[in-house]
Amino acid sequence: MKRCSLPDGTSVPALGLGTWYLGEKKPLEQQEITALRVGIEGGAALIDTAEMYGDGQSELLVGKAIAPYDREGLFLISKVYPWNAGKRGIFDACEGSLRRLGTEYLDLYLLHWRGSIPLAETISCMQQLKAQGKIRRWGVSNLDLHEMQQLLRLPRGGGCQADEVLFHLGSRGIEYDLWPWLRERRIPVIAYCPLMQGGSLRRSVADSPVVRDIAGRHGITPMQVLLAFVLQQEQVIAIPRSGNPAHVRENLAAAEIVLTPAERS
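Please read these numbers as outputs of a predicted model, since none were measured by experiment.

Asker: Is there a simple way to explain the pairing of strand β9 (residues 189-192) in this structure?
Answerer: Looking along a regular strand, one sees side chains alternate from face to face of the sheet. Relative to β9, strand β8 (residues 160-166) runs parallel, the two sharing four bridges. Bridging across to β9, Asp163 finds its partner in Val189. Looking at chain direction, β9 and strand β10 (residues 236-239) are connected through four bridges and run parallel. Looking at the pairing, Tyr192 lines up with Ile239 of β10.

Shown next, in the form of structure tokens:
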């Protein structure tokens with residue numbers, strides 16, 4: 001499987017497992033746990049969650065799914081609410097995430113989106129969490145180019161290891177400014193919703209003649225084309241969410257697909 005390097009040199013899988021909406025329906029719990037384990041065993045051992053997802057239910061589900069595995073073989077990401085991302089809330093928030101996940105540390109802790117707490121205060125708190133061994137590295141989510149430029153001008157702002165943003169074949173706005181700027185600094189994009197969120201946009205893109213033609217040439221599904229497009233971009237980590245084991249296997253297979261430069265454009 002393709003790998004991606006973080007600024008600190010850590011190598012992670014370019015295909016991970018998103019968990020938005022997972023853990024919210026008790027009858028689906030075992031199926032969702034199985035789906036996550038299929039992904040882990042297939043090499044997608046990077047798992048992205050957040051205290052926001054189901055008010056912690058996603059983290060609890062992930063904790064159950066990862067229980068049988070060697071912790072050092074996993075890369076766990078969680079995210080803190082912006083209103084918890086300061087000295088009054090971040091330490092309790094992090095402890096809550098660790099407790100629900102059943103782990104002693106996070107591999108990457110992200111500010112979920114920009115809020116009213118100064119970025120300098122959030123960075124200072126992240127550095128304290130690192131010193132305490134609660135997190136190994138930190139990053140951000142949903143920050144645009146201007147906000148990232150602000151962040152990196154701050155003391156220790158250069159410690160940011162990733163920016164998690166929306167990116168898929170139907171939403172390529174980051175290609176014009178944010179992504180090139182991040183690439184120059186070797187900061188990867190973590191692409192959420194790489195298969196879109198369903199609805200008319202996904203149907204229109206997946207059913208487009210171009211996507212269907214590429215799928216036919218490779219003998220794959222249109223959804224695999226969408227995921228392969230994201231996975232083959234430089235310094236991009238894709239975290240599709242699925243609670244269906246069959247869909248996870250399809251996503252794992254997409255990681256092995258090689259599109260031509262023309263197909264990627």
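Asker: So what exactly am I meant to see when it comes to empty space enclosed by the protein here?
Answerer: The probe, sized like a water molecule, is rolled over the atoms to show the empty space still left. With the rule as written, the count across this model stands at one cavity of 30 Å³ or more. In this structure, the largest cavity is lined by Leu15, Gly16, Leu17, Ala44, Pro240, Ser242, Val248, Asn251 and Leu252. Here the lining of the largest cavity is built from residues that sort into six nonpolar, three polar and no charged.

Asker: Can you walk me through unusual backbone geometry in this structure?
Answerer: Most of the time, phi is negative for any residue but glycine, and the peptide bond is trans. Residues other than glycine seldom take positive phi values, yet Asp55 does so here, at roughly 50 degrees. Here Asp55 is to be found in the loop between β4 (46-48) and α2 (57-66). Judged by its relative accessible area of 65%, Asp55 falls in the exposed class. Backbone geometry at Cys193 places phi at a positive 55 degrees, although glycine is not the residue there.

Asker: Where do I start with the packing of helix α1 (residues 29-41) against helix α10 (residues 245-254) in this structure?
Answerer: Helix packing geometry: the angle between the two helix axes and the distance between the axes. In contact at an axis separation of 8 Å, α1 and α10 are set at 20 degrees when each is read in the N-to-C sense. Here α1 lies roughly parallel to α10, going by the angle between them. Pair α1 / α10 crosses with right-handed handedness. Together, Gln31, Thr34, Ala35, Val38 and Gly39 of α1 and Pro245, Val248, Arg249 and Leu252 of α10 make up the contact between the two elements.

Asker: What is the right way to look at the environment of Lys25 in this model?
Answerer: Here Lys25 is to be found in the loop between β3 (17-18) and α1. Overall, the relative accessible area of 56% leaves Lys25 in the exposed class. Residues Lys25 and Leu178, 153 residues apart in the sequence, show an inter-C-alpha distance of 36 Å.

Rules used throughout
- Residues numbered from 1 in each chain as written.
- Predicted model: local features only at pLDDT ≥ 70, side-chain atom pairs only at ≥ 80, totals over all residues.
- Heavy atoms only, no water.
- Pairing = 2+ DSSP bridges.
- Helix = DSSP H or I, 4+ residues; strand = E, 2+ residues; numbered from the N terminus.
- 1 Å grid on protein atoms, 1.4 Å probe; cavity = no way out; pocket = protein on both sides within 12 Å on 5 of 7 lines; lining within 4 Å.
- Points joined across faces, edges and corners; volume = space filled by probe spheres on them.
- Nonpolar A, V, L, I, M, F, W, Y, C, P; charged D, E, K, R; others polar.
- Buried < 20%, exposed > 50% of the residue type's maximum accessible area, 1.4 Å probe, protein only.
- Axes fitted to C-alpha atoms, helices over the stretch in contact; angles between N-to-C directions.
- Parallel < 35°, antiparallel > 145°, perpendicular 65-115°, else oblique.
- Left-handed = near helix turned anticlockwise from the far one by under 90°.
- Contact = heavy atoms within 4.5 Å.

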